[in-house]
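# Understanding the architecture of this molecule
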Amino acid sequence: MKYILVICWSQVGDISSLQKEAFLVGQKIAQTKNILLYGWVQRGLMKEFANGCRESGGKVQGYYSEFLENCEDASKDWIETVFLKTNEERKEQMFWKSDMCIVFPWWFGTFSELAELLLLKQGGFYNKPIYIYNKEGFYENLSLFLGGLTQHQFIQKKDTQDVIILNKLKDIIAKID
């Protein structure tokens, strides 16, 4: 059993197929007897991951902080909710508990979480794989950015060794075992 952290936008955006794909990833997490970890907002892509997992008999663990109090009601009885005081504590708990991370297209909150994971990885504190879904080239610029940082020796190749950008959903799903 693995704890799989998903990081994504709490909105849907204009890539309509992402909703179904998030649901499918949630299903795969349940089918493989893994546990879905996420930042506990019950809308957009986050909701689709959670619903896919739950509807397939899986376990969902949501991390909720006072920061989110005005955003969402945390009283869903099918989600094991971990309440924390600050958003920083929320992220820290999700990161440390996870065995791997899947990143879908994002907004600033997702970018913040991904940047923090990359910083922890560079410092040797997060040695778990990060799989980034490059749907419709969404992360092409991130790939170029990381390549440029390596090329100009701002980071070492080992700092992004387990940061894997994948273009197809089937490749993301194949990483869930």
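The structure we're discussing is the one just above.
In this text, all values refer to a predicted model and were calculated from it rather than measured experimentally. (Residues numbered from 1 in each chain as written. Predicted model: local features only at pLDDT ≥ 70, side-chain atom pairs only at ≥ 80, totals over all residues. Heavy atoms only, no water.)

A few words now on the overall build of the chain. Of the regular secondary structure elements, the chain holds 6 helices and 7 strands. Listing every helix and strand of the chain by position from the N terminus yields β-α-β-α-β-β-α-β-α-β-α-β-α. Burial statistics for the chain: of 177 residues in total, 49% are counted as buried. For the chain, the accessible area works out to roughly 9,100 Å², and carbon and sulfur atoms hold 51% of it. (Helix = DSSP H or I, 4+ residues; strand = E, 2+ residues; numbered from the N terminus. Buried < 20%, exposed > 50% of the residue type's maximum accessible area, 1.4 Å probe, protein only. Areas by Shrake-Rupley, 256 points an atom, 1.4 Å probe, with all protein chains shown as cover.)

With respect to the helices, strands and loops of the structure, Cys53 is situated in helix α2 (residues 44-55). Here Cys53 falls in the buried class, since its relative accessible area comes to 0%. Placed 25 residues apart in sequence, Cys53 and Lys28 show a C-alpha to C-alpha distance of 7.3 Å. When residues no more than four places from it in sequence are discounted, the contact partners of Cys53 are Gly26, Gln27, Ile29, Ala30, Leu36, Gly58, Lys59 and Val60. (Contact = heavy atoms within 4.5 Å.)

Here we take up helix α4 (residues 108-122). With 15 residues, α4 should reach 21 Å at 1.5 Å per residue; the first-to-last C-alpha distance of 21 Å fits that figure. Taken residue by residue, α4 has Thr110, Glu113, Leu114, Leu117, Leu118, Leu120 and Lys121 as its buried positions. The arc enclosing the buried residues of α4, seen along the axis, measures out at 160 degrees, which places them on a common side. Of the residues in α4, the exposed ones pointing more than 90 degrees away from the buried face are Phe108 and Leu119. Where α4 is buried, its residues contact β1 (3-7), α3 (87-97), β5 (100-103), β6 (130-133), α5 (140-151) and β7 (163-166). Gly124 occupies a position one or two residues after α4 and carries a positive phi of about 80 degrees. (Expected span 1.5 Å × (residues − 1). Arc of directions from axis to C-beta.)

Let us look at the sheet that holds β6. The strands making up a sheet associate through backbone hydrogen bonding, with each pair oriented either parallel or antiparallel. Across the sheet, 7 strands lie side by side as β4-β3-β2-β1-β5-β6-β7; this open sheet has parallel pairing. Each of the sheet's edge strands pairs with one partner strand only, and the pair in question is β4 (80-84) and β7. Taking the axes of each pair of neighbouring strands and ignoring which way they run, one obtains an average angle of 20 degrees across the sheet. The pairing of strand β2 (residues 35-38) with strand β3 (residues 59-65) spans 4 bridges and is parallel. Its bridge partner lying in β3, Ile35 is registered against Lys59. Seen against the sheet, α4 touches β1, β5, β6 and β7 and runs at an angle of roughly 145 degrees to β6. (Pairing = 2+ DSSP bridges. Axes fitted to C-alpha atoms, helices over the stretch in contact; angles between N-to-C directions.)

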